[in-house]
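Notes for the structure review
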Amino acid sequence: MAQLSVDGVDFAYPNGHAVFRDFSLHVQAGEFVALLGPSGCGKSTLLNLLSGFQQPQRGSVAINGVAVTPEAPELGYVFQSPQLFPWLNALDNVRFGLRMAKRLGAAEQRERARHYLELVGLGDAAHKLPYQLSGGMQQRVALARTLVMEPTLLLMDEPFAALDAISRSSMNEETLRLWSALGQTVVFITHDIDEAVFLADRVVVLGGAPEGIRSELAIDLPRPRSQRATRKLPRFHQYSSALMDCIADAAEA
Ligand SMILES: Nc1ncnc2c1ncn2[C@@H]1O[C@H](COP(=O)(O)OP(=O)(O)OP(=O)(O)O)[C@@H](O)[C@H]1O
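Here, residues in each chain are numbered from 1, in the same order as that chain's written sequence. In keeping with the predicted nature of the model, local features appear solely for residues at pLDDT of at least 70, side-chain atom pairs appear and are counted solely at 80 or more, and the whole-chain, interface and lining totals rest on all residues.

Only strands joined by at least two bridges in the DSSP assignment are considered to pair. Runs of H or I in DSSP of at least four residues are treated as helices and runs of E of at least two as strands, each being numbered from the N terminus. As summarised here, the arrangement of the 6 strands in space is 6-7-8-3-9-10, forming an open sheet in which the pairing is mixed. Edge positions in the sheet fall to strand 6 (75-78) and strand 10 (213-218), since each has one partner strand and no second. Strand-to-strand twist of the sheet, defined as the mean angle between neighbouring strand axes without regard to direction, takes the value 15°. Relative to strand 7 (residues 153-157), strand 6 is paired through 4 bridges, and the arrangement is parallel. By the bridge assignment, Val78 is partnered in strand 7 with Met156. Here helix 1 (residues 43-50) sits on the sheet and contacts strand 3 (32-36), strand 7, strand 8 (185-189) and strand 9 (202-206); the angle it forms with strand 7, its principal contact strand, is near 155°. Under this scheme, a helix contributes an axis fitted over its contacting stretch, all axes are lines through C-alpha atoms, and angles between N-to-C directions fall in the 0 to 180 degree range. Contact between two residues is assigned whenever their backbone-derived C-beta positions fall within 7 Å.

Here's what the structure looks like:
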């Protein structure tokens with residue numbers, strides 16, 4: 001299990017543009033946190049800090065008390081674009097990271113890759129090439145490729161933003177199903193307020209840089225959640241509209 005601590009971080013780009021000043025964020029082990037905020041508030045910069053790709057000028061970022069580096073075995077990334085290798089079938093795409101890390105023997109790598117492909121519902125597509133898969137299926141392969149490395153902290157940067165509404169909605173349910181089965185800590189960036197409310201235990205709203213956290217909202221909706229049942233709850237709409245107001249204020253400020 002991974003606990004994430006960001007303490008007193010200052011970060012500015014080399015041109016002097018300050019994105020964070022004295023920024024702190026703590027994510028409990030197993031917690032699902034969604035990050036929302038107006039364009040340019042620093043969501044991607046924060047993800048780069050959380051993954052150790054960028055270093056703060058002051059303060060610290062740590063997983064379970066250890067300073068983060070991009071190679072930290074706890075970390076797994078899922079991006080908007082699946083970025084699969086077009087010449088590898090689904091199974092070999094999922095297996096790729098295990099091969100590169102020289103983890104396990106070939107037969108065990110295949111077995112584990114198959115297990116995660118099945119977990120994302122693509123057991124029957126193991127031998128298909130990426131071009132034979134829909135956008136949603138490609139994103140499932142990308143998810144399996146990340147999960148196969150068994151990360152305990154998942155950083156997800158608008159992973160379903162490019163999908164159509166129906167695929168996106170089913171990927172959201174899929175994400176929660178996998179999260180409750182595997183128990184990772186998740187930081188999920190999105191522009192979609194309803195998606196944030198549906199998924200998260202807590203939604204963190206960032207204000208315009210370098211304001212940092214403008215507001216936080218604990219999402220007290222029952223789990224397991226389903227699109228059909230959860231979105232009908234009056235509290236779901238109360239959370240969404242509170243967040244909508246908060247983001248509109250942040251964008252105006
Ligand atoms: N390499 C860079 N040098 C200088 N400024 C940068 C650099 N990268 C990003 N910025 C600026 O830092 C701020 C935060 O950028 P970031 O991409 O983290 O925002 P974001 O919230 O992810 O935006 P969006 O929602 O549009 O993707 C923005 O004002 C951006 O213009």
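What follows is about the sheet that holds strand 1 (residues 4-12). Spatial strand order, 2-1-4-5: 4 strands in an open sheet with antiparallel pairing. Edge positions in the open sheet fall to strand 2 (18-27) and strand 5 (66-67), since each of these has one partner strand only. In this structure, strand 4 (residues 58-63) lies alongside strand 5, joined through 2 bridges in antiparallel fashion. What sits directly across from Ala62, in strand 5, is Ala67. The strands that helix 1 touches are strand 1, strand 2 and strand 4; relative to strand 1, the one it contacts most, it runs at about 120°.

The immediate surroundings of the ligand are formed by 13 residues, with Tyr13, Ser39, Lys43, Ser44 and Thr45 found nearest. When residues of the shell around the ligand are assigned to their parent elements, the largest contribution, 3 residues, is made by helix 1. As a rule, any residue with its backbone-derived C-beta atom within 6 Å of a molecule or strand is reported as near that molecule or strand.

Here we take up helix 1. Partly exposed residues are those whose C-beta has more than 12 but fewer than 20 other C-beta atoms within 10 Å; 20 or more makes a residue buried and 12 or fewer makes it exposed, with C-beta atoms placed from the backbone. Among all positions in helix 1, only Lys43, Leu46, Leu49 and Leu50 are buried. Each buried residue of helix 1 lies within a common arc of 115° when the element is viewed along its axis, so the set occupies one face. Next to the buried residues of helix 1 lie strand 1, strand 3, strand 4, strand 7, strand 8 and strand 9. To be clear, the arc concerns the directions from the helix axis to the C-beta atoms.

Our next topic: the domain arrangement of the protein. Domain borders in the structure are assigned automatically or taken from a domain database. By domain assignment, the protein separates into domain 1 (4-74 + 154-252) and domain 2 (84-150). Of note, the centres of domain 1 and domain 2, computed from C-alpha atoms alone, are 26 Å apart. In this assembly, 9 residues from domain 1 lie in contact with 6 residues from domain 2. Just so you know the grouping, Ala, Val, Leu, Ile, Met, Phe, Trp, Tyr, Cys and Pro go in nonpolar, Asp, Glu, Lys and Arg go in charged, and all remaining residues, Gly too, go in polar. By residue class, the composition of the side of domain 1 that touches domain 2 is 7 nonpolar, 1 polar and 1 charged.

Along the chain, Ala113 falls in helix 3 (residues 106-119). Taking the C-alpha atoms as reference, Ala113 lies 32 Å from Leu36; in sequence the two are 77 residues apart. Setting aside anything within four residues of it in sequence, one finds Ala113 in contact with Leu91, Val94, Arg95, Leu98 and Val148.

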